[in-house]
Amino acid sequence: MRSRWPTRPPSTWQNSLDALVARSRLIGEEESLGLFGGGNTSTKREVPDLLGQPQVILWVKGSGSNLKGCEARHFSPLRLEVVRRLTGRTHMSDEEMVAFLERCVVDPKAPRPSVETLLHAFLPERDVDHTHADAILSLANTDRGEALVRQVLGKHLLWIPYLQPGFALSKRVFEAYRRQPSAQGAVLQKHGLITWGPDGHTSYLRTIRYVSMAERFLARQRRRARWTVRAQAAQPRADATERLRHWVPVIRRVVSRQRKVCVTCWQTPEILAFVNTPRLLNAARLGPATPDHMLRTKRLPLIIERAGRSSGAVSADALARALERYAASHERYFLKYRRPGDVLQDPFPRVILLPEIGMLTTGHDLTQAAMVATIYRHAMTIIRDAESVERYTSVSERQAFGVEYWPLELYKLSLAPPEAELSREVGLLTGAAGGIGRGIAELLIDRGASLVVTDLRRRDVEALAEALNRRAGRRRALGVVMDVTDERSIERACDAALRTFGGIDFLVSNAGIATVASIDRLRRIEWERSLAVNATGHFLVAKAVVRWLRAQRLGGSLVFISSKNVTAPGKDFGAYSAAKAAETQLARVLAIENGEFNIRVNIVNPDGVFEGSGLWKSIATERARTYRLPPSELATFYQQRNLLKTRVMPSDVAEAVCFLISRRAAKTTGCLLTVDGGLREAFPR
Ligand SMILES: [Zn+2]
């Protein structure tokens, strides 16, 4: 690991808080030093109080924020003198500690200080950095951890046997420091590294130096253990996708028992090399690489050993039973160690390891599932490296419970914003790049849904997915090329949904084309093309999605974007109207056939939606000719012919779609909802 410290630090780094923020960001940049809220930093500086009297402030990272990209507002300022008086105490409960520290914070708007604040406060050194560095954990999580740390990192680091973060650990580190004030840091067994120094630069460089020493040692061990060779050869089985198609709907159904989750598949060579090595899988059964990981990954992954067998591979039912056993075992673990006030968390696994297939992770959306995967990839590295030196060890079951159900750790999760109406719902949208499609996609994303957006051109769907992810501030959209008339293409899109989100909960069948010609002049090829897209296209996509929904057994919702022309056809629109009528009838039969599976099927009939519409652009001139109008007046003509004298926008259609997908329409199926400003001749009957 290289130092990222600039040769000439900017002058703003002179200000103590800016310097701390900058240093924390440098540490946060290194994924192998800590992830998503793991690790914390601090500095102690003298600053005048409100009345101009000198006081020493400890700035420490707030609970739940990331070092990566952190800002000044993520740090808490505490009156150090008061906090340090706690060094005289022998015991302090977590509740007392939190209440005490809250009262030491001088800024009422500051976040709650880190659970490891006392560790920083007790050490007299000015700057302190605490990380969960992978390389340090590979040494500290072995049978001979202490001896290895001495041998590899030298005598300037203190060795602190495992203790749960809090008052006692802070006191232990403080006392060890007092016995050896020349120490430059400490290794916390099965937890991480602390370094300190008279200034931030020294503390930072010590972290980098010790981590680099451990990394160089581990690289040599790794070469000896030949892991790299194994990783190069690691590929998923040829029939991995076939197996996943079978398993993932069942996995998602079972792990979604409390609330729906996203299930994401990961198949990098490193992951495969890990899951294909029985020795490493056995090590993974021992527990987390650092207790902080458990907040996202739980204590243990679920390992399905028979997943990769050529004959007698695990069936979907056996997989469901394995998931149930995992949950039952987690509940037993909870009952065994629970303390008053503890509440059972979701008992299902967050990480599922499948030899020769890969790794599945779960989360309430793709961003969270990816977070779990990132943490577990680091855990894999730590376990693998520990096993190339020694036997990997982890915290005991009781110690793990202490952190997994620690209210101070669970507090970090409570900082997440409330979930939106369609959060945890995954949808497939066809014709997403058009005017109505885009409007629907945007509103679905705003309402919290995850979305596979499909259309004919790669450029369009990828740009749209990117824009939607930016809009959401999270990864919730995936752009996939799909032709609704091509079954292979539909299958590929469904596979992408399977790998990325673990399934589909709703379909918005929107793709359509329009042809304008009176029937006596309509060419057969145009008629057939309209039927292929506007009727058969809906049939093929719905068929694939309904099969999936039935296998997943979590209910579902299908919304078909039809047309006012179904109830009130217009002239010169025969090919379009006939195909749209077929689509509508298809939707109704789907509603009849799938009610027993709690799959609702509804239809939206818009009229005259011009905004951003490629469909209208292609036919506007001819449509204008039909009504004997100049093309520029067409939009006004459509507006004037409805009862509300209003223009129908993509966002209006999107609103109807969101309503029909949502639980607000839980009792509605087989319904036709008009979004046309009110057209008497098109009233549903
Ligand atoms: Zn820590």
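Residues numbered from 1 in each chain as written. Predicted model: local features only at pLDDT ≥ 70, side-chain atom pairs only at ≥ 80, totals over all residues. Heavy atoms only, no water.

S.K.: When you look at the pairing of strand E7 (residues 192–197) in this model, what are you seeing that I'm missing?
M.R.: On a regular strand, one side chain projects to one face of the sheet and the next to the other, so that they alternate. With respect to burial, E7 is a largely interior element, six of its six residues being buried. Where burial is concerned, the two faces of E7 agree: the one with Gly 192, Ile 194 and Trp 196 and the one with Leu 193, Thr 195 and Gly 197 are both buried. Sheet topology note: the strand E4 (residues 127–131)/E7 ladder contains five bridges and is antiparallel. The partner of Asp 129 across the bridge, within E7, is Thr 195. Of the strand pairs in this sheet, strand E6 (residues 185–188) and E7 are connected by four bridges, and their pairing is antiparallel. Residue pairing across strands places Ala 186 opposite Ile 194, the latter belonging to E7. What sits between E6 and E7 in their antiparallel hairpin is a turn of three residues, with Lys 190 showing a positive phi close to 55°. (Buried < 20%, exposed > 50% of the residue type's maximum accessible area, 1.4 Å probe, protein only. Helix = DSSP H or I, 4+ residues; strand = E, 2+ residues; numbered from the N terminus. Pairing = 2+ DSSP bridges.)

S.K.: Is there a simple way to explain the coordination of the zinc ion in this structure?
M.R.: Six octahedral donors around a metal ideally subtend angles of 90 or 180 degrees, whereas four tetrahedral donors ideally subtend 109.5 degrees. Protein-derived ligands of the zinc ion are Glu 116 (OE), His 130 (NE2), His 132 (NE2) and His 191 (NE2), with the metal-ligand distances lying across 2.1 to 2.4 Å. Considering all four donor atoms around the zinc ion, angles at the metal cover 82 to 165° and the coordination shape is irregular. One chain supplies every donor for the zinc ion, spaced along it as E-x13-H-x1-H-x58-H. Here His 130 lies in strand E4 and Glu 116 lies in the loop between helix H3 (94–104) and helix H4 (117–122), a separation of 14 residues in the sequence. (Donors = N, O, S within 2.8 Å, 3.2 Å for Na, K, Ca; no water. Tetrahedral: all angles 85-135°; square planar, octahedral: opposite > 155°, others 65-115°.)

S.K.: Explanation requested: the environment of Leu 522 in the structure shown.
M.R.: Mapped onto the elements, Leu 522 comes out in the loop between strand E15 (506–509) and helix H21 (524–552). Expressed as a C-alpha distance, the spacing of Leu 522 and Leu 456, which sit 66 residues apart in the sequence, is 25 Å.

S.K.: Looking at this model, I keep getting lost on the packing of aromatic side chains. Mind explaining?
M.R.: Two descriptors summarise a pair of aromatic rings, namely the distance from one centre to the other and the angle between the planes of the rings. All chains considered together, the criterion is met by twelve aromatic pairs. Here the aromatic rings of Phe 334 and Tyr 405 are separated by 5.1 Å at their centres, their planes lie at 50°, and the arrangement is tilted. Here Phe 334 is found in helix H14 (residues 316–337), whereas its partner Tyr 405 is found in the loop between helix H16 (397–404) and helix H17 (407–413), with 71 residues between them in sequence. The burial state of Phe 334 is the same as that of Tyr 405; both residues are buried. A ring pair is formed by Phe 573 and Tyr 576, whose centres lie 4.8 Å apart and whose planes are at 35°; its orientation type is tilted. Under the relative-accessibility criterion, Phe 573 is labelled buried at 5%. A relative accessible area of 8% places Tyr 576 in the buried class. Here the aromatic residues Tyr 333, Phe 334, Tyr 337, Phe 401 and Tyr 405 are joined through ring pairs into a cluster of three or more. Here the basic side chain of Arg 209 rests over the ring of Tyr 210, its NZ or CZ set 5.2 Å away from the ring centre. (Phe/Tyr/Trp six-rings, centres within 6.5 Å; stacked < 30°, edge-to-face > 60°. Lys NZ or Arg CZ within 6 Å of the ring centre and 35° of its normal.)

Honestly, that's just the spatial picture; any functional story needs more than this.
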